[in-house]
Amino acid sequence: MTSSMRAGLITLLTIALIAPAAMANERFTASTIKEEIIGKRIYLAVPFGGEFPLNYRPNGQVDGSGEALGLGRFAKPNDKGKWWINGDRLCQQFTSWYKGAPMCFELIRTGDKRLKWIRDNGETGTARIGNSI
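Summarised in this report is the structure supplied together with it. Quick caveat, the model's predicted, so the values are computed rather than measured.

A short note on unusual backbone geometry
Right, on to step 1. Positive phi values are uncommon outside glycine, yet K99 reaches one of about 55 degrees.
Right, on to step 2. Its place among the elements puts K99 in the loop between β5 (89-94) and β6 (103-111).
Right, on to step 3. K99 sits in the exposed class, given a relative accessible area of 82%.
Right, on to step 4. The phi torsion at K113 lies on the positive side, around 65 degrees, for a residue other than glycine.
Right, on to step 5. One can find K113 in the loop between β6 and β7 (114-119).
Right, on to step 6. Overall, K113 belongs to the partly exposed group, its relative accessible area being 41%.

Structural data, given as structure tokens:
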């Protein structure tokens, strides 16, 4: 292997290793929220295990169901509301959940199809980006 081939291989390997790391911890912008969240099912990780699906529909509606997690024993298992983008934050307001209070989230990419969310009250969590709805 010549030195120029070796240098090219090292450059290629470096790019392959650095590119995914550079993607991690990238903050979502209004544009990336529209491209990667809207029209998709987002699965929120829940503390006691499992995932909670939320559907961000292109028409501005968000809906979710906690039936698979057994939330019907504690709260209304299904709800819907609206979503909007404020700056680079994804905002939502449900009819019943959270007493109908609006809330906004900063989204940070943590890996391929994975993100961390930070709610405007400081609460945090993780989620994964599912398929189109």
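That was the structure; now back to the text.
Details of the sheet that holds strand β3 (residues 61-65)
Right, on to step 1. Read once around its circumference, the closed barrel built from 8 strands follows the order β1-β2-β3-β4-β5-β6-β7-β8, with strand pairing classed as antiparallel. The mean angle between the axes of side-by-side strands here comes to 35 degrees, regardless of whether they run parallel or antiparallel.
Right, on to step 2. Pairing of strand β4 (residues 78-86) with β5 involves 6 bridges; the strand directions are antiparallel. Pairing of I85 across the sheet is with L90, part of β5.

Some words on the nonpolar core
Right, on to step 1. In terms of nonpolar packing, the biggest core is built from 21 residues, with I37, Y56, L90, L107 and L115 touching the most fellow members.
Right, on to step 2. Listed by contribution, the elements that provide at least two residues to this core are β2 (51-56), β5, β6, β7 and β8 (124-132).
Right, on to step 3. Among residues more than four places away in sequence, those in contact with L90 are I33, I37, I38, Y56, W83, W84, M103, C104, F105 and L107.

Parameters and conventions
- Residues numbered from 1 in each chain as written.
- Predicted model: local features only at pLDDT ≥ 70, side-chain atom pairs only at ≥ 80, totals over all residues.
- Heavy atoms only, no water.
- Helix = DSSP H or I, 4+ residues; strand = E, 2+ residues; numbered from the N terminus.
- Buried < 20%, exposed > 50% of the residue type's maximum accessible area, 1.4 Å probe, protein only.
- Pairing = 2+ DSSP bridges.
- Axes fitted to C-alpha atoms, helices over the stretch in contact; angles between N-to-C directions.
- Core = buried A, V, L, I, M, F, W, Y, C linked by side-chain atoms within 4.5 Å.
- Contact = heavy atoms within 4.5 Å.

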